[in-house]
Structure formats: C-alpha cells, structure tokens
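Spelled out from the first residue to the last, the chains are:
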Amino acid sequence: MQKKKSLRSLFLKNLIIVFLVPFMSILLVICFYAYGQMTKENEKRGAMYASMLSNEIERKLEKYKEIVEMAADRAEVKSLDYTQAEPYLEHLAEIMSKEEWSYFTITNAYGTEQAHSEGMIGHGVSLRFEEAFLKPWEEDATVVCNPDFSKSTGRAVIGISTPIYRDERKVGVFIGYVWLESVAEFLNNYKYTDSSYAFMMNADGTISAHPDESMVLNATWDVSMEESKYLTSFTLIF
C-alpha cells in the first residue's frame, strides 16, 4: 500500500516537472513579452500624441509670427510716428481675436515704446532690457519669447516680436503679446488616459501650461544643463 502511494507521488512529481513547470515558464515568458509589447505600444502612442500636440502649438505660433511680420512691414509702422502707427495698431487689435491677443506695441532702436494699440498708455516706456526687444534686435529675426506675467493685466503673455526695417535699415521692433492660455488652451482638455495629463514647459524648465493653474510660471521642472540643450521653446510631457 505504501509502495503504491510512493509510486503515485513519484508519478505526480514527474508529471509536474515534465509538463506543468515548462507550461508555467512558457506562460510567464508570454506574459512578460505581452506586457513589454503593451508598454512599448503605449510609449509609442504617447510619443505620437505628444508630437501631434506639439505640432499644433507650432502651427499656432507660426500663425502669430506671420501676423507680427506682416504688421512690421506696414508703412505706418515703419514710420515710428504714433500719429500714423496707432490708428493701424488699434485697427489690428480690433480685427484680431481678443481671446488671443493682449496688445501690440512699437519701439524705436533704443527700445523705447513709440506707439501702442491702447494709445498713450505705452508711450515712453523702456523695453531696452526686455527679451521682446533684445532678442529680435540682436538676432535680426522674429522670435517667440518666454512667457511672462503682464505688468498691466497680471495675466501670462507671450511676446512675439520682429525687427522693423526702413530702407533696409533696422529702426525698431514690433511686438505683439499673445495670451498664454490661447496657445495651450487645448492641453487642459486633452486626456491621453483617465489618469494622465499633458503640461508644457520652457527650455529652462519653467512650467508654462498645466491643468493646475497655480503652477504656471511659478514652478520649475528639474532640467539639467545637458538636457536643456535638447529642449525646444516649449516641450510637452505626459
């Protein structure tokens, strides 16, 4: 009787070793492989969506840059004479969406505001050390500045500016200020998954768009000097 039990135990043991252990091993390999593939697919899909959102932001910024460059080429703007420029700036502000643009301004070669879309409000104000004046003046190019809080409204804005040329001579800078939320409004409504969200940051790591508005321009993502070389003006993270 004892011998029969021993034989049965030995048979079951051999059965487990021969069939069950390999089966479980294969099942584990399949599970790990499936998990790895799913993770790769999610990462790939996430990268694709991030690229789509980034492209959407780039399209918006390109549209804003085209408007600023067109305005800087107007004779009224090139004159730097507020009596000619301000009626045009006021008209430009009227036809542009108030949901997108804050205001337009023109500086001379010294960074002093000569004309403003809201009239006398900006006359004589110095932007000489502001990024919105310095970058386009020094780089001879249209630039998108880092977001900052508007001193007059307290709302976050992005300066988009370009040099003004008269007779092929650089005489000033044209600046349009766009509301930051108009650039990234769709990010807050975007859901990759129920537990995910997208936020945007500048090249220096400053968060410039986030579902938690208190973090916008008040929090910094830890970006090393090495990583910062590879970040564009705005970077999206899920």
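As shown above, the structure is provided for reference.
What comes next concerns the included structure. Predicted model only: the values in this text are computed from it and were never measured. (Residues numbered from 1 in each chain as written. Predicted model: local features only at pLDDT ≥ 70, side-chain atom pairs only at ≥ 80, totals over all residues. Heavy atoms only, no water.)

1. Structural notes on the pattern of salt bridges
Where charged atoms from two side chains of opposite charge approach closely, those side chains can pair. One pass over the full model with this rule turns up 7 salt bridges. The salt bridge involving glutamate 62 is made with lysine 65; its shortest N-O contact spans 3.2 Å. One end of the pair, glutamate 62, and the other, lysine 65, are both in helix H1 (residues 2-72), 3 residues apart, so they sit about a helical turn from each other. Take glutamate 62: its relative accessible area is 37%, and that puts it in the partly exposed class. We note a salt bridge from glutamate 181 to arginine 155, for which the minimum N-O separation is 2.4 Å. Placement of the pair is glutamate 181 in helix H5 (residues 180-188) and arginine 155 in the loop between strand S4 (148-149) and strand S5 (156-166), with a sequence separation of 26 residues. (Salt bridge = Lys/Arg side-chain N within 4 Å of Asp/Glu carboxyl O. Helix = DSSP H or I, 4+ residues; strand = E, 2+ residues; numbered from the N terminus. Buried < 20%, exposed > 50% of the residue type's maximum accessible area, 1.4 Å probe, protein only.)

2. Structural notes on the nonpolar core
In terms of nonpolar packing, the biggest core is built from 34 residues, with Trp101, Phe104, Ile106, Ile164 and Phe174 touching the most fellow members. Sorting the residues of this core by element identifies H1, helix H3 (82-95), strand S1 (101-108), S5, strand S6 (169-179) and H5 as the ones contributing at least two each. Apart from residues lying up to four places away in sequence, tryptophan 101 is in contact with Tyr64, Ile67, Val68, Met96, Gly176, Tyr177, Val178 and Trp179. With 11 residues, the next largest nonpolar core counts Tyr103, Val157, Ile175 and Trp179 among its residues. (Core = buried A, V, L, I, M, F, W, Y, C linked by side-chain atoms within 4.5 Å. Contact = heavy atoms within 4.5 Å.)

3. With respect to the pairing of S6
By the criterion of burial, S6 is predominantly enclosed, with 9 of the 11 residues buried. Pairing analysis gives 7 bridges linking S1 to S6, with the strands arranged antiparallel. The residue bridging threonine 107 from the neighbouring strand is valine 173, located in S6. Where S5 meets S6, 10 bridges bridge the pair, whose relative direction is antiparallel. Within the sheet, the bridge partner assigned to tyrosine 165 lies in S6 and is lysine 170. As consecutive antiparallel partners, S5 and S6 are separated by 2 residues, and within that stretch aspartate 167 has a phi angle of approximately 55 degrees, a positive value. (Pairing = 2+ DSSP bridges.)

4. Some points on the side chain of threonine 105
Note on placement: threonine 105 falls in strand S1. Polar side-chain contacts of threonine 105 include one of 2.5 Å to the side chain of glutamate 113. For threonine 105, the contacting residues outside a window of four places in its chain are Glu113, Ala115, His116, Leu127, Val173, Phe174, Ile175 and Tyr177. (Polar contact = N/O pair within 3.5 Å; in protein donor to acceptor, adjacent residues only side chain to side chain.)

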